[in-house]
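# Fold and contact review
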Amino acid sequence: MDQTSNWDFFSRVVQPALDLAPTTFLEDISASLSEAGIQEAVARHDSRPIYDWLLGLFQLQGISDAVAFSYTAKHGTVRWAEIEGALASSPDCHRLNSYWHFADCKYQKGARICSEPHLLHRCHLPRHPLRNGRLSQAAYSLFFFIRDICDGDLVGWIDRRLESADPGPRDRSRAVRMRHALLEPMGRIFGVSNKVLSMVLADLLLVGDPSRERWVTTGGSMIAIDSLMHNLLHRTGVLHRFGAMHEIGPACYLPGSCASLIEGLARRIDAHAYNPLFPSVFPRFIQHSLWSFCAGDKLSICNGNRIDDTARCRNQYCPAFDDCDRVSLRGIPSGF
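None of these values were measured; they are calculated from a predicted model.

Turning next to the packing of helix α4 (residues 47-58) against helix α10 (residues 194-207). Relative to each other, α4 and α10 sit at 140 degrees, their axes nearing to 10 Å. The two elements α4 and α10 cross, and the hand of that crossing is right-handed. In this structure, α4 uses Ile50, Trp53, Leu54, Leu57 and Phe58 to contact α10, whose residues at the interface are Val196, Leu197, Val200, Asp203 and Leu204. Per-class residue counts for the contact of α4 with α10 are nine nonpolar, no polar and one charged.

Have a look at this one:
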């Protein structure tokens, strides 16, 4: 089957998800960020509220969003001011001196160990109520990144990175280059997955300041791949048709894999048709629409709660049923 036929199939099988997509996508994000004071923080170049908001979303890793939010509501989290105050007391451990010193901290909450175990009883990391040691390390790593790499001004750092990476509006790789200019260095922040980083940066860039064109272009290109997205592309037969079968994980971001397939689809769909305020090419909206089609707290149509993945999907009420290849997650059925 040729690539044109593959793209036609991909567009057709996900059309129901796009038809059901929330056209208030940007308004919903803006309302959420406004409640956290993010737009005002961007205007003031105030990194503190942005840090607090980012760290809150960084906790959505490894468990369901509901469980993560429930844990935070019960136990609390850590904020910029608390870490700033803790570090002002001249900590004994040299790993708390800077972003570079903090590498290989290796703090584990459950095991009560780290790279400097003789200093752990005086360390501030165990005193924070975060769910595990990985999140505690992420909190300090993000703080040090903003303080030391961004000189305390995350907004200004983003502006400079995007400007230096911008090849000009006529370059087709423009969004990719600017996206990479942020994801590559921020991907080194400890304990932050590519999925969550792409998700939170997309929201920040899309509505943090709509007058920053580079921000909006870059944020609109961000694609977050999780198990729901990967499994949708598998079940529908998209991965098989494009010769892109792979295990979920880092491979989802390789060329020709999940993220690049979503990006390719976005170039073939005019998002203006869903909301005139959307950019014409809007990968983030396409990805979020497909995710919402699957998510249990959204449309909950294509997921493991609805489908017995030991066999082909039998949900004839799915609006994509007639077009879908219905590939079992446990393998490709014989005679496919």
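Having seen the structure, we can now continue with the description.
What the rule picks out here adds up to 19 aromatic pairs. Residues Phe25 and Phe285 carry aromatic rings whose centres are separated by 6.0 Å and whose planes lie at 55 degrees to one another, so their mutual orientation is tilted. Within this pair, whereas Phe25 is found in helix α2 (residues 25-35), its partner Phe285 is found in helix α15 (residues 283-294), the two being separated by 260 residues in sequence. In this pair, the class of Phe25 matches that of Phe285, namely buried.

This part covers unusual backbone geometry. One non-glycine residue, Asp104, lies in positive phi territory at about 65 degrees. Inspection of the secondary structure puts Asp104 in the loop between α6 (80-87) and α7 (133-149).

Moving on: α10. Relative to the 20 Å expected for 14 residues at 1.5 Å per residue, α10 spans 20 Å between its end C-alpha atoms, a close match to the ideal helical length. Burial analysis of α10 places eleven of its 14 residues in the buried class, the great majority of the element. What α10 keeps buried is the set Val196, Leu197, Ser198, Val200, Leu201, Ala202, Asp203, Leu204, Leu205, Leu206 and Val207.

Cut-off values and rules
Residues numbered from 1 in each chain as written. Predicted model: local features only at pLDDT ≥ 70, side-chain atom pairs only at ≥ 80, totals over all residues. Heavy atoms only, no water. Axes fitted to C-alpha atoms, helices over the stretch in contact; angles between N-to-C directions. Helix = DSSP H or I, 4+ residues; strand = E, 2+ residues; numbered from the N terminus. Left-handed = near helix turned anticlockwise from the far one by under 90°. Contact = heavy atoms within 4.5 Å. Nonpolar A, V, L, I, M, F, W, Y, C, P; charged D, E, K, R; others polar. Phe/Tyr/Trp six-rings, centres within 6.5 Å; stacked < 30°, edge-to-face > 60°. Buried < 20%, exposed > 50% of the residue type's maximum accessible area, 1.4 Å probe, protein only. Expected span 1.5 Å × (residues − 1).

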